[in-house]
Each structure stands twice: as structure tokens, then as C-alpha cells.
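Secondary and tertiary structure notes
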Amino acid sequence: MQKLNTDKGLTFTRESMMLPLLIFVTLSASALGADVGCSHTSKGQPGQCVKKGCCNYDFQETSSSLCNGAGETCCYRGEKPSCSGGGSGGCSDIEFVSRSSWGARAGRGLSLMHTPVYDVFIHHTESAECHDKASCSARVRGFQDYHMDNNGWSDIGYNFLIGGDGRVYIGRDWDHIGAHTYGYNSKAVAFSLIGSFMNKTPSSTMLNTVHKLLACGISKGKIASSYGLYGHRDVNSTDCPGDALYNLLKGWSRWHARGTLPRTSKK
Ligand SMILES: [Zn+2]
């Protein structure tokens, strides 16, 4: 985490420009979806009835009474359900902590990401570590508060955070452009490991979760199988994700696999 190296101004500009696109995608989703439509009365936006737990940005999951099936719930604002076809596509070995479960505030006007992405950035939060769901959730809420209230961002910056407990805390999820790596936010996803990894490496539990989340992203078509893995410091002036973690990542199979630095989203 580093407040200066993400693109607050760019984010606002892009997000306002993306509004017509978001509306289009919303309309398309409801027009194309075989799922039964639903609407959230307080916001009046169209949505889709999907299997419960399958809203991939689930603070927008609303009362199941909006849908007919007992095991269904309403995803609205045109969010693509993450498992409307059934099954979680190679992600079942990950324990995700939904936004509602960690106590997220609602994001503000997020932009949809074009997937699959070809670049994945690893960050650390440069904070104390956490080792259980309660303490990790509290820490994630703190990051969200900081990103929204101090940095003025739309939501917590990262797509996902990985706790010392091995769980994955859902940030902006696969389908929303984050605020994490200046110049690359709209082309890449970011996983942030909770802790400070300058002088020590993350636990094997955390690292295994990173591997599983990469595999999960590929299986869901969110990350291209030819992706390249990078550290935040590869493109911005920062020591993130810490010397020890950065050096360890150099041994991973997709490290800088695209041969060059990732594609910038700056025109
Ligand atoms: Zn970083």
C-alpha cells in the first residue's frame, strides 16, 4: 500500500467516462441473461437471480425474497454472477471472505474491468499481520477506510487481499478496476498480502493461497494463462511488496513471463 502511487485523478476521470458503458453493460446483462431478472427497490436497478453466494461483488447481493428460488439471490447493477453456471471453477479450495462478511462499506461508482487480464501485481499492505478471520477482517476494513477517506478512492484499492489465515478477502473482485498500481489499474489485477515483507517472507499458507488464487483466476477466465507476474516496485517508485517477498516471487513460473514490463493503461 502506498497512497501516492495510485491514480486518484485518473480513477475519477475514467470512472466518470465509464458510466455510459456501465449502463450499456447493465442493460446487456439483463437482456442476454437466461436468469430471471430482479430489481432492488431502493436503487431500482436491474439485476439477475443467481445461486446464493454467486454475486461476485456481494455487498450488492440483496434479499433473496426478490427471487423465486429458495437458494437464489439477486445480483444487481449488472454485476456478472461468478457462478451462474454452477460450480466455482477451480476455486473451491479457497476460502473467500465476502465483502459483507468482512464488513465492507459500499463502493462508489466502480468501473468494470475487461478480462482476462494479462498482468498480475503483487503488493503487501506494509502493516501488521493478522492470523484469524476477525483480526484480518478488521485490518481490511481499516485499509478500506484509509483508501476511501484519506485517498478519496472509490473503494478499497486491491482486487483481493490475502490474510495470514490463508483466507482471501474480496476487495474489488475480478471484475472491477482497482486503484493499486499507478498506470496499470485497468489492465491488471492486484493481490495484496497483509503484512510487511521486507525482511521476512509470508508463510507457506499465504503463498499457497496466492498460487490457488492465480489458478482460480485462470479457471474462471479472469486471468490469461499466459499472464505475467510482477511486483508493485517493477513499475512504480516503491519498495512494495518488500524485499523478501519480491525476491521469493522471482522463482515463480510466471515471473515477468511476458518478457517485458506489463502493458500500461495510460494512453
Ligand atoms: Zn503496493
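Residues numbered from 1 in each chain as written. Predicted model: local features only at pLDDT ≥ 70, side-chain atom pairs only at ≥ 80, totals over all residues.

**So, the overall build of the protein**
Each helix and strand counted, the protein has six helices and 10 strands in total. Put simply, the protein has 267 residues, and 43% of those count as buried. A separation threshold of at least 6 residues defines the contact pool for the protein, and within that pool the share at least 24 residues apart is 73%. (Helix = DSSP H or I, 4+ residues; strand = E, 2+ residues; numbered from the N terminus. Buried ≥ 20, exposed ≤ 12 C-beta atoms within 10 Å, placed from the backbone. Contact = placed C-beta atoms within 7 Å.)

**Comments concerning unusual backbone geometry**
Of note, the amide linkage connecting Thr 115 to Pro 116 takes the cis form, showing an omega dihedral of 10°. Mapping Pro 116 onto the fold places it in the loop between helix 3 (99-102) and strand 6 (117-124). In this structure, the amide linkage connecting Cys 240 to the following residue, Pro 241, adopts the cis form with an omega of 10°. In this structure, Pro 241 sits in the loop between strand 10 (223-231) and helix 6 (243-249). Positive phi, close to 50°, is recorded for His 256, a residue that is not glycine. By the secondary structure assignment, His 256 is in the segment after helix 6.

**Things to note about the nonpolar core**
Formed by 39 residues in total, the largest nonpolar core has its most connected members in Val 120, Phe 160, Ile 162, Val 168, Tyr 169 and Phe 191. The greatest single-element share of this core, amounting to five residues, is contributed by strand 9 (residues 188-193). Not counting chain neighbours up to four residues away, the residues in contact with Phe 160 comprise Val 168, Tyr 169, Ile 170, Gly 171, Phe 191 and Leu 213. (Core = buried A, V, L, I, M, F, W, Y, C linked by C-beta atoms within 7 Å.)

**As for the sheet that holds strand 6**
Pairing in this open sheet of six strands is mixed, and the strands run 5-8-7-9-6-10 from one edge to the other. Every interior strand has two partners, whereas the edge strands, strand 5 (96-97) and strand 10, have only one. Two strands pair when backbone bridges link them, and strand 6 and strand 10 are joined in this way by five bridges, in the parallel orientation. Of the residues in strand 10, the one forming a bridge with Val 120 is Leu 229. (Pairing = 2+ DSSP bridges.)

**Section: the confidence of the model for the protein**
Chain-level pLDDT for the protein is 79 on average; 64% of the residues reach the 70-or-more range. Segment residues 83-89 is flagged for pLDDT under 50; beyond a separation of four residues in sequence, or across chains, it makes nine contacts in the model. (pLDDT = per-residue confidence, 0-100.)

**Some remarks on helix 5 (residues 204-219)**
Taking 1.5 Å of rise per residue, the 16 residues of helix 5 would be expected to cover 22 Å, and the 22 Å separating its terminal C-alpha atoms lies within 8% of that figure. Among the residues making up helix 5, those that are buried are Met 206, Thr 209, Val 210, Leu 213, Cys 216 and Gly 217. Down the axis of helix 5, the smallest arc covering the buried residues is 125°, so these residues share one side. Facing away from the buried surface of helix 5 by more than 90 degrees, the exposed residues are Ser 204 and His 211. (Expected span 1.5 Å × (residues − 1). Arc of directions from axis to C-beta.)

**Things to note about the environment of Gly 195**
In this fold, Gly 195 is placed in the loop between strand 9 and helix 5. Residue Gly 195 is classed as buried on the basis of its C-beta count, with 26 C-beta atoms lying within 10 Å. Sequence separation between Gly 195 and Ala 128 is 67 residues; the distance between their C-alpha atoms is 5.0 Å.

**Thoughts on the environment of Thr 115**
If you trace the backbone, Thr 115 turns up in the loop between helix 3 and strand 6. On a C-alpha basis, the gap between Thr 115 and Lys 187 in space is 8.5 Å, while along the polypeptide they are 72 residues apart. For Thr 115, the contacting residues outside a window of four places in its chain are Trp 174, Asp 175, Gly 221 and Lys 222.

**As for the environment of Arg 139**
As for its position among the elements, Arg 139 is in helix 4 (residues 133-150). Given 22 C-beta atoms within 10 Å, Arg 139 falls into the buried group. The spacing of Arg 139 and Thr 125 is 14 residues in sequence and 9.8 Å in space, taken between C-alpha atoms. When near neighbours in sequence (up to four residues on either side) are disregarded, Arg 139 contacts Ser 127, Cys 130 and Ile 194.

**Considerations on the pairing of strand 6**
Regular strands show a simple pattern: their side chains alternate between the two faces of the sheet. In terms of burial, strand 6 is largely enclosed, as seven of its eight residues are buried. Both strand 6 and strand 9 contribute to a ladder of six bridges, which runs parallel. In the sheet register, His 123 faces strand 9, and the bridge partner there is Ser 192.

**Focus: helix 4**
With 18 residues, helix 4 should cover 26 Å at 1.5 Å per step; its first-to-last C-alpha distance of 25 Å lies within 8% of that length. Packing partners of the buried residues in helix 4 comprise strand 5, helix 3, strand 7 (160-162) and strand 8 (168-170). Immediately beyond the C-terminal end of helix 4, within one or two residues, lies Gly 152, with a positive phi of roughly 75°.

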